[in-house]
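# Fold and contact review
Each chain is listed here by its residues.
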Amino acid sequence: MSKKHSGSCLCGEVRYEIDGDFERFFLCHCHYCQKDTGSAHGANLFSTSATLNWVSGVDKVTLFNLPSTRHSKAFCAVCGSPVPQQSTDNLLVVPAGSLDSDLIIPPNAHLYMASRAAWEHDLENLPRFDGLPT
C-alpha cells in the first residue's frame, strides 16, 4: 500500500500531494545544493513511481535549470520556497522540508561530502533549544 503525502511552500500559494513511495532520501552537500538552500545541504526525496498532483498554485511554480549541468530547482515564484519537480526521465524530486505530512523514513546517505561547508563539523555537539534561546 502506497503512502500519500502533502506539502506546500512557505506562503501557501503552492500546494501539492504525492501518491506513492519514495525510494531514496539523500542529504546532498554539493555547492549547488548549498546555494539552492542557503544552508549546509539539500534534503531531497526521490521516486520513479510516485505521482505528483498539484492542488493549487502550479502557475506560481518556476523551474530554474543551471546551464551546462543536470542541476535544476523548482520553486514558488511568490516566496521562493523549493517545491517538487518531475524530470523528463520521470524522476520525481521532492524537497523534504516542503512536506506538511510526517515523513518516517530516515535519509539513506550524505552525498558530496568533499564539498561540505567548512563550518559543518561537530554540529551534534552544539547546544539545542526547542525555540529561540533566551
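Residues numbered from 1 in each chain as written. Predicted model: local features only at pLDDT ≥ 70, side-chain atom pairs only at ≥ 80, totals over all residues. Heavy atoms only, no water.

### A closer look at the nonpolar core
Where we set the bar: The definition of a nonpolar core used throughout is a set of buried Ala, Val, Leu, Ile, Met, Phe, Trp, Tyr and Cys residues joined through side-chain atoms within 4.5 Å. Burial classification: accessible surface area is computed with a 1.4 Å probe over protein chains only, and a residue below 20% of its type maximum counts as buried, one above 50% as exposed, and the rest as partly exposed. Per the convention used, a helix needs a DSSP run of H or I reaching at least four residues, while a strand needs a run of E reaching at least two, with both numbered from the N terminus. Between two residues, a contact is recorded if the distance between any of their heavy atoms is within 4.5 Å.
In terms of nonpolar packing, the biggest core is built from 12 residues, these being Tyr-16, Ile-18, Phe-22, Phe-25, Leu-27, Leu-45, Ala-50, Leu-52, Leu-92, Val-94, Ala-96 and Leu-99. Of all the secondary structure elements, the ones that give two or more residues to this core are β2 (15-19), β3 (24-28) and β9 (92-95). Filtering out sequence-adjacent residues up to four positions away, Leu-99 remains in contact with His-5, Ser-6, Gly-7, Tyr-16, Leu-45 and Val-94. Counting residues in each nonpolar core, the second largest holds five residues, with Cys-9, Val-14, Cys-76 and Val-83 among its members.

### Side note on unusual backbone geometry
Located in the positive-phi region is Asn-90, a residue other than glycine, with phi close to 70 degrees. Position of Asn-90 relative to the elements: it lies in the loop between β8 (85-86) and β9. A relative accessible area of 43% means that Asn-90 is categorised as partly exposed. Despite not being glycine, Asp-122 shows a phi value in the positive range, around 55 degrees. Taking the relative accessible area as the measure of exposure, Asp-122 reaches 49% and is therefore partly exposed.

### Concerning the pairing of strand β1 (residues 4-8)
The test is simple: Only strands joined by at least two bridges in the DSSP assignment are considered to pair.
As paired strands, β1 and β2 are joined by five bridges and run antiparallel to one another. Paired with Lys-4 across the two strands is Asp-19, which belongs to β2. Adjacent in sequence and paired antiparallel, β1 and β2 are bridged by six residues, among which Gly-12 carries a positive phi angle near 85 degrees.

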